Amino acid sequence: MFEEFDTRTVRTGEASVFVRYGGEGPPLLLLHGHPRTSATWHRVAPLLVRRGFSVVCPDLRGYGRSRGPEPTPDHVPHSKRAVAEDMIEVMRALGHRRFGLVGHDRGVAVALRLVLDHPSMVTRVAFVDGLPLSEHLVRADARFATAWWHWFFFAQPEIPERVINADPDAWYRGTPEAMGQENHDEWRAATRNPDVVRAMLEDYRAGLTVDRRHEEADRARGARIDCPVLVLWSLRDDLEDLYGDPRAIWRDWADDVRGHGIDAGHHVAEEAPGPLSAALGAFFTC
């Protein structure tokens with residue numbers, strides 16, 4: 001896994017971020033989702049390197065082998081703004097001043113925050129299987145609450161930690177056959193770590209509070225994404241079922257929006273690395 005990639009830990013102002021990086025050419029920053037680590041990209045990253053990119057795959061703050069500060073009642077240390085600042089420091093440490101950006105699942109929210117807060121640093125951005133958090137929440141009807149109930153369960157104080165840590169292997173499900181043995185082993189070690197579980201829950205708690213406020217402030221001031229946007233979604237997941245064409249929602253945030261569905265379940269980087277890397281490669285070489 002990740003042959004010919006290097007690893008290092010980058011110290012930011014508040015966190016230590018584990019990162020894998022390899023290849024030469026235009027830089028691409030790949031941001032994973034919940035409850036994965038950077039290893040989720042292990043089938044995609046080498047394909048992008050072969051396409052001529054320099055690929056950077058970090059563990060987000062608190063996930064995998066990255067660590068952040070202790071949680072606070074306002075959840076600000078785990079806000080997407082704080083995580084986006086980590087990513088800026090990672091890319092600067094690797095010598096990248098401008099880069100392409102990809103976010104999947106919870107990584108979508110980090111990517112959105114990064115491109116809005118630091119537009120001069122992002123050449124293009126791809127959002128995979130996600131919308132702005134505020135767009136999800138404003139549409140939080142009974143269907144959303146039934147399908148995505150974990151958002152609201154994770155927001156409860158202390159209870160989800162006790163439930164999940166009692167049997168993390170039962171809560172977080174995945175197989176070596178689907179994920180790849182090394183990816184599965186790394187992910188399983190992370191989900192068995194109570195500190196990682198707490199940080200992943202803080203990600204969701206921040207999403208419903210401070211992150212939502214940040215996005216609503218963006219809309220109030222008329223902020224928009226001024227670089228090209230690629231929207232991809234898994235056809236065997238429920239994003240399109242819940243909201244229709246996700247590109248239509250993203251057009252409220254950006255002018256240049258394109259994209260399509262991919263025949264895969266939610267963990268598209270593991271299930272359909274060829275189609276995903278082809279779509280990303282074509283978009284970021286335009």
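Thresholds applied
By convention here, each chain's residues receive numbers from 1 onward along its written sequence. For this predicted model, a pLDDT threshold of at least 70 governs which residues receive local features, and a threshold of 80 or more governs which side-chain atom pairs are given and counted, while totals over whole chains, interfaces and linings are taken from all residues. Here the side-chain values reflect all heavy atoms present in the structure, with hydrogen atoms and water set aside. Helix and strand assignments come from DSSP, with helices taken as H or I runs of at least 4 residues and strands as E runs of at least 2, each series counted from the N terminus. It is over C-alpha atoms that the radius of gyration is taken, and the globule rule equals 2.2 Å times the number of residues to the power 0.38. To sort residues, take the accessible area from a 1.4 Å probe on protein chains only and compare it with the maximum for the residue type: under 20% means buried, over 50% means exposed, and anything in between is partly exposed. By definition, residues are in contact when any of their heavy atoms lie within 4.5 Å. Charged residues are defined narrowly, with Lys and Arg counted positive, Asp and Glu counted negative, and His plus the chain ends left uncounted. Taken as the charge location is NZ of Lys, CZ of Arg, CG of Asp or CD of Glu. Given a helix with a known number of residues, its expected span is that number minus one, times 1.5 Å. UniProt positions are given in the numbering used here, feature names are shortened, and annotations may be inferred rather than shown by experiment. The definition of a nonpolar core used throughout is a set of buried Ala, Val, Leu, Ile, Met, Phe, Trp, Tyr and Cys residues joined through side-chain atoms within 4.5 Å. Only residues whose relative accessible area exceeds 30% and that form no salt bridge are eligible for patches; like-charged ones are grouped when within 9 Å, while nonpolar side chains (Val, Leu, Ile, Met, Phe, Trp, Tyr) are grouped when within 5 Å. Only the protein chains shown count as cover for residues, and the accessible areas themselves come from Shrake-Rupley with a 1.4 Å probe. Any Lys or Arg side-chain nitrogen located within 4 Å of an Asp or Glu carboxyl oxygen qualifies as a salt bridge. Points on a 1 Å grid, built from protein atoms alone, make a cavity when a 1.4 Å probe fits but cannot get out and make a pocket when they are open with protein on both sides within 12 Å along at least 5 of 7 lines; residues with an atom within 4 Å of a point are the lining residues. Grid points are joined across faces, edges and corners, and a volume is the space filled by probe spheres set on the points. The classification used treats Ala, Val, Leu, Ile, Met, Phe, Trp, Tyr, Cys and Pro as nonpolar, Asp, Glu, Lys and Arg as charged, and all other residues, Gly among them, as polar. Throughout, an axis means a line fitted to C-alpha atoms (over the contacting stretch in the case of helices), and angles, computed between N-to-C directions, take values from 0 to 180 degrees. Geometric relationships in this document are graded by angle, where less than 35 degrees denotes roughly parallel, more than 145 denotes roughly antiparallel, 65 to 115 denotes roughly perpendicular, and other angles denote oblique. In a left-handed crossing the near helix is turned counterclockwise from the far helix by less than a right angle, and in a right-handed crossing that turn is clockwise.

Side note on the overall build of the chain
Counting its secondary structure elements, the chain contains 16 helices and eight strands. Taken over the C-alpha trace, the chain has a radius of gyration of 17 Å; the compact-globule value for 286 residues is 19 Å, and the two agree within 12%. With respect to the principal axes defined by its C-alpha atoms, the chain has extents near 45 × 40 × 40 Å. Within the span of the chain, comprising 286 residues, buried residues form 58% of the whole. In the chain, the proportion of contacts linking residues at least 24 apart, taken out of those at least 6 apart, comes to 74%. Both charge centroids of the chain, one from 35 positive and one from 43 negative side chains, sit 2 Å from each other.

Overview of helix 16 (residues 273-284)
Residues that lie three or four places apart on an α-helix share one face, since the helix turns once every 3.6 residues. In this model, helix 16 (twelve residues) spans 16 Å end to end at C-alpha, consistent with the 16 Å of a helix rising 1.5 Å per residue. For helix 16, the complete set of buried residues consists of P273, L276, S277, A279, L280, G281, F283 and F284.

As for the UniProt feature "domain: AB hydrolase-1" (unreviewed entry) in the chain
UniProt tags residues 26-242 as "domain: AB hydrolase-1" (unreviewed entry). As a span, residues 26-242 carries 49% helix and 13% strand, and end to end its C-alpha atoms are 35 Å apart.

Description of the nonpolar core
Within the largest apolar cluster, 62 residues are counted, with the highest numbers of intra-cluster contacts made by I225 and W250. Broken down by element, this core gets its largest block of residues, eight residues, from helix 3 (residues 106-117). Ignoring sequence-local partners within four residues, the contact set of W250 consists of V108, L112, F127, G130, L131, P132, I225, V231 and V257. In this structure, V55, L230, A264 and F283 belong to the second largest nonpolar core, which totals 27 residues.

Remarks on a negative patch on the surface
A grouping of E3, E4, E182 and D185 is seen on the molecular surface, where their side chains present a negatively charged patch. Along the chain, D185 turns up in helix 10 (residues 181-191). Under the relative-accessibility criterion, D185 is labelled partly exposed at 40%.

Some words on the layout of surface pockets
It is a probe the size of a water molecule, rolled over the atoms, that shows where empty space is left. There is about 700 Å³ of room inside the largest pocket. Of all the elements in the fold, those that place two or more residues in the lining of the largest pocket are helix 3, helix 4 (133-138) and helix 6 (150-154). Of the residues assigned to the lining of the largest pocket, the class counts are 15 nonpolar, six polar and seven charged. What the second largest pocket holds in volume is close to 200 Å³. Contributing to the lining of the second largest pocket are G62, S66, R67, G68, P69, E70, P71, H78, P194, D195, R198 and A199.

Overview of the side chain of H267
Within the secondary structure, H267 is located in the loop between strand 8 (257-262) and helix 15 (268-271). Look at H267 and you get buried, because its relative accessible area is 19%. Setting aside its immediate chain neighbours within four residues, H267 contacts H34, P35 and R36.

Some thoughts on the packing of helix 3 against helix 12 (residues 210-220)
For the pair helix 3 and helix 12, the least separation of the axes is 12 Å and the interaxial angle reads 40°. Comparing the axis directions of helix 3 and helix 12 gives the class oblique. Read as a crossing pair, helix 3 and helix 12 show a hand that is left-handed. Contact residues: helix 3 offers L112, R113 and L116, while helix 12 offers H214, E215 and D218.

Digging into the pattern of salt bridges
Scanning all chains against the criterion turns up 27 salt bridges. Put simply, R20 and E186 hold a salt bridge, and the shortest N to O gap is 2.5 Å. You can see R20 sitting in strand 2 (residues 16-22) and its partner E186 sitting in helix 10, a full 166 residues away along the chain. On the accessibility criterion, E186 (14% relative accessible area) is buried.

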